[in-house]
Amino acid sequence: MREYLLTLCVTAAVTYLLTGPVRKFAIVAGAMPEIRARDVHREPTPRLGGIAMFGGLCAGLLVADHLVNLNGVFTLSNEPRALLSGAGLIWLIGVLDDKFEIDALIKLGGQMIAAGVMVMQGLEILWLPIPGVGTVSLTSWQSTLLTVALVVITINAVNFVDGLDGLAAGMVCIAAAAFFMYTYRLWYGYGIEAAAPATLFAAILMGMCLGFLPHNMHPARIFMGDSGSMMIGLVMAAAAISVTGQVDPDALNLNLGGSRAATHAMLPVFIPLLMPLTIIAIPMADLVLAIVRRTWNGQSPFAADRGHLHHRLLEIGHSQSRAVLIMYFWSALFAFGALAISVQSTSMWVVLAIVVLSAIGLVLLLLPRFKPHAPRWAERFVPPRYRRPRGAGATGSADTDGGEAAAAAAAAVADAEESDDSSERPPIPAGVNGATAVGPRSRFPDRRKAGTSR
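Quick caveat: nothing in here was measured; it's all calculated off a predicted structure. (Residues numbered from 1 in each chain as written. Predicted model: local features only at pLDDT ≥ 70, side-chain atom pairs only at ≥ 80, totals over all residues. Heavy atoms only, no water.)

1. Remarks on the overall build of the protein chain
Keep this limit in mind: Under the DSSP-based scheme used, a helix requires at least four consecutive residues in state H or I and a strand at least two consecutive residues in state E, with every element numbered from the N terminus. Burial status follows relative accessibility: with a 1.4 Å probe on protein chains alone, a residue under 20% of its type maximum counts as buried, one over 50% as exposed, and anything between as partly exposed. The contact rule is simple, with two residues in contact once any of their heavy atoms fall within 4.5 Å. A 1.4 Å probe and the Shrake-Rupley method give the accessible areas. Residues count as covered only by the protein chains that appear here.
Along its length, the protein chain carries 18 helices and two strands. For the protein chain, with 454 residues in total, the buried portion stands at 46%. A separation threshold of at least 6 residues defines the contact pool for the protein chain, and within that pool the share at least 24 residues apart is 73%. Here the protein chain has roughly 22,100 Å² of accessible surface; of this, 67% comes from carbon and sulfur atoms.

2. Side note on the packing of aromatic side chains
Cut-off, in case you're wondering: Only rings of Phe, Tyr and Trp enter the pairing, Trp through its six-membered ring, and a pair is recorded when the two centres are within 6.5 Å. The plane angle decides the type: under 30 degrees is stacked, over 60 is edge-to-face, the rest tilted.
A complete count under the given rule lists seven aromatic pairs for this structure. Between Phe-54 and Trp-91 the ring centres are 4.6 Å apart and the planes differ by 10°, which places this aromatic pair in the stacked class. On the criterion of sequence distance, the pair formed by Phe-54 in helix H2 (residues 50-65) and Trp-91 in helix H4 (residues 79-100) is long-range, its members being 37 residues apart. Across the pair, exposure class does not vary: Phe-54 and Trp-91 are buried alike. The interplanar angle of 20° and the centroid separation of 5.8 Å between the aromatic rings of Phe-180 and Tyr-184 together place this pair among those described as stacked. Within this pair, Phe-180 and its partner Tyr-184 are both found in helix H7 (residues 167-190), separated by four residues, close to a single helical turn. Accessibility expressed as a relative area gives 9% for Phe-180, which makes it buried. On the basis of relative accessible area, Tyr-184 is assigned to the buried category, the value being 15%. Three or more aromatic residues joined by ring pairs form one cluster here, namely Tyr-4, Phe-180 and Tyr-184.

3. Some details on the side chain of Ser-242
Rules: For this analysis, a polar contact is any N or O atom pair within 3.5 Å, provided that within protein one partner can donate a hydrogen and the other can accept it, and provided that sequence-adjacent residues contribute only side-chain to side-chain pairs.
Looking at where Ser-242 falls in the secondary structure, it is placed in helix H9 (residues 225-246). Looking at Ser-242, the relative accessible area reads 0%, which means it is buried. A polar atom in the side chain of Ser-242 sits 2.6 Å from the side chain of Glu-79.

4. With respect to the nonpolar core
Going by this rule: Nonpolar core, defined: a set of buried Ala, Val, Leu, Ile, Met, Phe, Trp, Tyr and Cys residues in which side-chain atoms within 4.5 Å join the residues together.
Judged by nonpolar contacts, the single largest core of 94 residues is most densely connected at Tyr-4, Leu-57, Leu-200, Met-231 and Leu-234. At 17 residues, H7 tops the list of elements feeding residues into this core. Counting five residues, the second-largest nonpolar core is a separate cluster that includes Ala-157, Phe-160, Met-284 and Ala-290.

5. Some remarks on a nonpolar patch on the surface
Let me state the cut-off plainly: Like charges within 9 Å and nonpolar side chains (Val, Leu, Ile, Met, Phe, Trp, Tyr) within 5 Å are joined into patches, using only residues over 30% in relative accessible area that form no salt bridge. Salt-bridge detection follows one rule: a side-chain nitrogen of Lys or Arg within 4 Å of a carboxyl oxygen of Asp or Glu.
Side chains of Trp-349, Leu-352, Val-356, Leu-357, Ile-360, Leu-364 and Leu-367 sit close together on the surface and give an oily, nonpolar patch of about 650 Å² of accessible area. With respect to the helices, strands and loops of the structure, Val-356 is situated in helix H17 (residues 348-365). Assessed through its relative accessible area of 43%, Val-356 is described here as partly exposed.

6. A word on unusual backbone geometry
One non-glycine residue with positive phi stands out, namely Leu-48, at about 65°. If you trace the backbone, Leu-48 turns up in the loop between helix H1 (2-29) and H2. The exposure class of Leu-48 is buried, given its relative accessible area of 3%. Backbone geometry at Glu-101 places phi at a positive 60°, although glycine is not the residue there.

7. A few points about the packing of H2 against H4
Any two packed helices are characterised by the angle at which their axes cross and by the distance between the axes. The cut-off we apply is this: To obtain each axis, a line is fitted to C-alpha atoms, and for helices this fit is confined to the stretch in contact; angles are then taken between N-to-C directions over 0 to 180 degrees. What sets the label is the angle itself: under 35 degrees gives roughly parallel, over 145 gives roughly antiparallel, 65 to 115 gives roughly perpendicular, and the rest give oblique. The residue classification treats Ala, Val, Leu, Ile, Met, Phe, Trp, Tyr, Cys and Pro as nonpolar and Asp, Glu, Lys and Arg as charged. All others, Gly included, are polar.
Two elements in contact, H2 and H4, have axes separated by 11 Å at closest approach and are oriented at 170°. Between H2 and H4, the crossing angle belongs to the class labelled roughly antiparallel. Between H2 and H4, the contacting residues are Gly-50, Ile-51, Phe-54, Leu-57, Cys-58 and Leu-61 on the first element and Pro-80, Leu-83, Leu-84, Ala-87, Gly-88, Trp-91 and Val-95 on the second. In terms of residue class, the contact of H2 with H4 is built from 11 nonpolar, two polar and no charged.

8. Some thoughts on the environment of Leu-17
Structurally, Leu-17 can be placed in helix H1. Given a relative accessible area of 60%, Leu-17 falls into the exposed group. Through-space distance from the C-alpha of Leu-17 to that of Ala-52 is 8.1 Å; in sequence the pair is 35 residues apart.

9. Describing the packing of H1 against H2
Note the cut-off: Each helix crossing is assigned a hand: it is left-handed if the near helix lies turned anticlockwise from the far helix by less than a right angle, otherwise right-handed if that turn is clockwise.
Interhelical geometry of H1 versus H2 gives an angle of 150° and a closest axis separation of 7 Å. Judged by the angle between their axes, H1 and H2 are roughly antiparallel. Handedness of the crossing formed by H1 with H2: right-handed. Of H2, the residues touching H1 (which contributes Thr-7, Val-10, Thr-11, Val-14, Thr-15, Leu-18, Thr-19, Val-22 and Phe-25) are Ile-51, Ala-52, Met-53, Gly-55, Gly-56, Leu-57, Ala-59, Gly-60, Val-63 and Ala-64. In terms of residue class, the contact of H1 with H2 is built from 12 nonpolar, seven polar and no charged.

Quick look at the structure:
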């Protein structure tokens, strides 16, 4: 565990320290696309954060290769080299897209090639343990097709959810933490050495996300871009494929003393796609809904829009930070819920806890729909959004008339200012998400959403 923690800390430190220089490089290189109608941020923000994350990945693998216990992962398996080659290829494609906006079909082809490179080096699903049937061996083309499909789906699921500050990095970090606990239990608790590469991949993935999050939380100073989102999606898929295709369920039967005990103790091993699917359940749902929505409207599945789950949270009334926290909550509920079921599959308390937390999540999700107003005596103790408007609920007609007159006067002043602004307001230069290399955060007097007529 100490070596895994050291690898995680080194990966996080390298990613964090590289992100600042990478941000300055992105500004100089012009990797700051104009704000699009679907974007949530209001100021051009540099991308290419995936460069720092790739540096963290390389540093984590390099440190692990020189540690006593983790060195065996590199000597006994070719999976770390397969991961590095596939991640390097998808990272290069993402860097080109962040700078030059390459076509979606070209990116899809690059994702398939990166997955094929990993398959050629041995990182693939070899068999599937299915309850009631046993171990089902896959042919060469079946293994290749299933592996490539899982990699491409995971990459695009993570890429689709990368729409708010800190959203993708935080959700992937939560999923990686749950997956690390799951694979570490397989490796250390049951002596299954084939789970060691997946445990290492999950630890490095956590380090990459933790090192990048301080720069990416709202308001973000840099975005990971496709170079980062596609890469962390590939690393997550590689970890899932490693533990799914390499762990033999017969080893669990031998260690636990029977198939019945093994089934109850390690349920996700007998349903190998359960854990990988639960850790990306939210991004996967967003991906499926986006494809169905765009196809139903006669658009390309790759056409961008503002219909993602995080956009809908903003439309309901959540702030950007609260929308991110709600997505974190649901991601943790799915991932750690599956982890708890794998440990205590026969306990009803686990199921009851998941149901209660789901109900709490639904209440938090719909909270902006219900905005109760606090009584007058309690207004000083609640946030402004729960206070009654000053003109409403007045005690006398004089107060009501005065409030209406004040509102009319304010509306007239606002209209006059709006007409003056349209002709006399000087142009405001676009800052680099609130800062330049030498200056402080710029202030936008116009707080309307991006993508409006102006």
